[in-house]
Amino acid sequence: MELTAAEVWSRILEEARGVLPEQAFRTWLAPTEAVAISRDLLVVSTPNPFAVDWVEDKYAELLTAIGERAFGRRFRLTVQYHGNGRAPALSATAADAPVPAPPSASPARSQGLATGVRTSSPLNDRYTFDRFVVGNNNQLAAAAAHAVAEAPARAYNPLFIYGGVGLGKTHLMHAIGQVIREREPGKRIIYISSERFTNELVTAIQEGTMGEFRRQFRQIDLLLVDDIQFLEGKERTQEEFFHTFNDLHDGQRQIVLTSDRPPKATGLEDRLVSRFEWGLVTDIKAPDFETRVAILRNKVREDRLEIANEEDVLTLIARHCTSSVREIEGAVIKLLAYASLTRRELNLDLAREALGGVLRGAGGSEGSSSSRLTPDGVRKRVAEAWDVTPEELQSKRRTKNLTIPRQVAMYLIKEAFDLPLVEIGKMFGGRDHSTVIHSISKVEEDIQVNPAFRQRVEALRAAIQ
């Protein structure tokens, strides 16, 4: 009797559930589905990209042993990520069925990419607008991305999004591609990093295929380029990208770029910087507390996580993981892994224990410097660094020797404690929240464009922490 891949996998999961902690099973194995099976290979998919390596590393031996006992032969287990959460329906059986190509094996067709373009990476199905949490830190960038997706080459062209690592720039870029691909499947789309663009250009030069290279990039409808700042110092690549940009823009094709800094700070040629500023330049900042909590709630819902004292656990993570969305997601993954390995319930005590090395000031020793850190202490340290007094920072005086350290102190206090803006304003002579917003924005802008200032602020931040 022939068994389908789904039937084989269902039998294996049924036995695995009896030997694994329930939380571990629900987190890592329950969401998986069978994709295909051959005589010695079993392919399954998971909607969680983090689970691919985890399942293969931690559970493959157990699962293949169960399969060997149940069916008399040992399968090699392969786990794939399938972004939409559902594996494709396949008819492969346990006899000698051929193993079909993975869902991502044909990006040119499945992702709506330009036919034959070897340079493009597939769009990530998890990066959609529905999964992007909008907050005060990214409202303009999100709105602009929506506008570009709805009206390519008519709203903002190019769209240039900049900000630190792990804040959602790539997410918005992929989301634009997803909308355009779904609405108009025939559109030709390329998503690529600037580093890969450079590598492909070098290959084309070496192989004498520059004509093909140019056709691939200049006969498309949407160009998405990540980390454009890495073109700095690559004169030939900048030259080629300049002409590619002109061809696409003149032909009313949409261009979206991301960077870790604004155009003028990328170090690229002036003619490129000028063109990047033709459209809309917008930034993404680190998420505030409310946005971080919303991101965590969204992840709990999407991954179907069960957490005791959920609000307390999410608040704990949000209070102390402040730098990026990636840091927040990393804390959740570490928490899940710890709960799985220790076979314990996900709760507040376990979170404090598991994330002790991640959380600033949480779960540390009572006498640590982070536990003694106060907003007043930050203000004092900044004043010392600029050779002024804390009282002068609270004064109404607006001389440059006071304005800059005052702004830096507000920025670091907001970053370290996430206090309400009004409360921060009170610490500096009763200034209103709009002044605090301006001060924080000014520091963030200067950090991006002034390397010496950035080093000074980062050194102070490290000393405070």
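Attention in this report is confined to the structure presented alongside it. Everything quoted here is computed from the prediction, not taken from an experiment. (Residues numbered from 1 in each chain as written. Predicted model: local features only at pLDDT ≥ 70, side-chain atom pairs only at ≥ 80, totals over all residues. Heavy atoms only, no water.)

**Side note on the layout of surface pockets**
(1) Moving on: In this structure, the second largest pocket spans a volume of roughly 740 Å³.
(2) Moving on: Contributing elements (two or more residues each) for the lining of the second largest pocket: α7 (169-183), α12 (289-302) and α14 (325-342).
(3) Moving on: A total of five residues in the lining of the second largest pocket trace back to one element, the largest contributor, which is α12. (1 Å grid on protein atoms, 1.4 Å probe; cavity = no way out; pocket = protein on both sides within 12 Å on 5 of 7 lines; lining within 4 Å. Points joined across faces, edges and corners; volume = space filled by probe spheres on them. Helix = DSSP H or I, 4+ residues; strand = E, 2+ residues; numbered from the N terminus.)

**Regarding the pairing of strand β4 (residues 159-163)**
(1) Moving on: Here β4 lies mainly inside the structure; five of its five residues are buried.
(2) Moving on: Burial along β4 is two-sided: L159, I161 and G163 facing one way and F160 and Y162 facing the other are all buried.
(3) Moving on: With four bridges connecting them, β4 and strand β7 (residues 254-259) associate as parallel partners. Residue pairing in the sheet places L159 in a bridge with V256 of β7.
(4) Moving on: Relative to strand β8 (residues 280-284), β4 is paired through five bridges, and the arrangement is parallel. For I161, the partnering residue across the bridge sits in β8 and is T282. (Buried < 20%, exposed > 50% of the residue type's maximum accessible area, 1.4 Å probe, protein only. Pairing = 2+ DSSP bridges.)

**Some remarks on the nonpolar core**
(1) Moving on: Within the largest apolar cluster, 55 residues are counted, with the highest numbers of intra-cluster contacts made by W9, L29, L63, I317 and L335.
(2) Moving on: When residues of this core are assigned to their parent elements, the largest contribution, nine residues, is made by α14. (Core = buried A, V, L, I, M, F, W, Y, C linked by side-chain atoms within 4.5 Å.)

**Focus on the environment of E200**
(1) Moving on: Note that E200 resides in helix α8 (residues 194-207).
(2) Moving on: Its relative accessible area of 13% is what places E200 among the buried residues.
(3) Moving on: Taking the C-alpha atoms as reference, E200 lies 10.0 Å from T237; in sequence the two are 37 residues apart.

**Quick word on the side chain of R461**
(1) Moving on: Structurally, the position occupied by R461 is in helix α22 (residues 451-464).
(2) Moving on: For R461, the side chain forms a polar contact with the side chain of Y411, separated by 3.1 Å.
(3) Moving on: Not counting the four nearest positions on each side in its chain, R461 is found in contact with Y411, L412 and E415. (Polar contact = N/O pair within 3.5 Å; in protein donor to acceptor, adjacent residues only side chain to side chain. Contact = heavy atoms within 4.5 Å.)

**Observations regarding the sheet that holds β8**
(1) Moving on: The strand order β5-β6-β7-β4-β8 describes an open sheet built from five strands, whose pairing is parallel. The outermost strands of the open sheet, each flanked by one partner alone, are β5 (189-193) and β8. Strand-to-strand twist of the sheet, defined as the mean angle between neighbouring strand axes without regard to direction, takes the value 15°.
(2) Moving on: Strand contacts of α7: β4, β5, β6 (222-226), β7 and β8, with the helix running at about 165° to β6, the strand carrying the most contacts. (Axes fitted to C-alpha atoms, helices over the stretch in contact; angles between N-to-C directions.)

**Here's the deal with the pattern of salt bridges**
(1) Moving on: Applying the stated criterion to the full structure yields 22 salt bridges.
(2) Moving on: Between D283 and K285 there is a salt bridge; the shortest N-O distance is 2.9 Å.
(3) Moving on: The salt bridge partner of R379 is D376, with a shortest N-O separation of 2.9 Å. One end of the pair, R379, and the other, D376, are both in helix α17 (residues 375-385), three residues apart, so they sit about a helical turn from each other.
(4) Moving on: For R379, a relative accessible area of 10% corresponds to the buried category.
(5) Moving on: The exposure class of D376 is partly exposed, given its relative accessible area of 45%.
(6) Moving on: One continuous salt-bridge network, built from bridges that share partners, spans R214, R218, E240 and D247. (Salt bridge = Lys/Arg side-chain N within 4 Å of Asp/Glu carboxyl O.)

**Quick look at the sheet that holds strand β2 (residues 41-46)**
(1) Moving on: With mixed pairing, the three strands of this open sheet are ordered in space as β1-β2-β3. Two strands lie at the open edges of the sheet, namely β1 (33-37) and β3 (76-81), each paired on one side alone. Each strand axis lies, on average, 25° off the axis of its neighbour in the sheet, ignoring direction.
(2) Moving on: Bridge count between β1 and β2: four bridges; the pairing is antiparallel. By the bridge assignment for β2, I37 is matched with L42.
(3) Moving on: Most of the contacts of helix α1 (residues 5-19) go to β1, to which it runs at about 125°, and overall it touches β1, β2 and β3.

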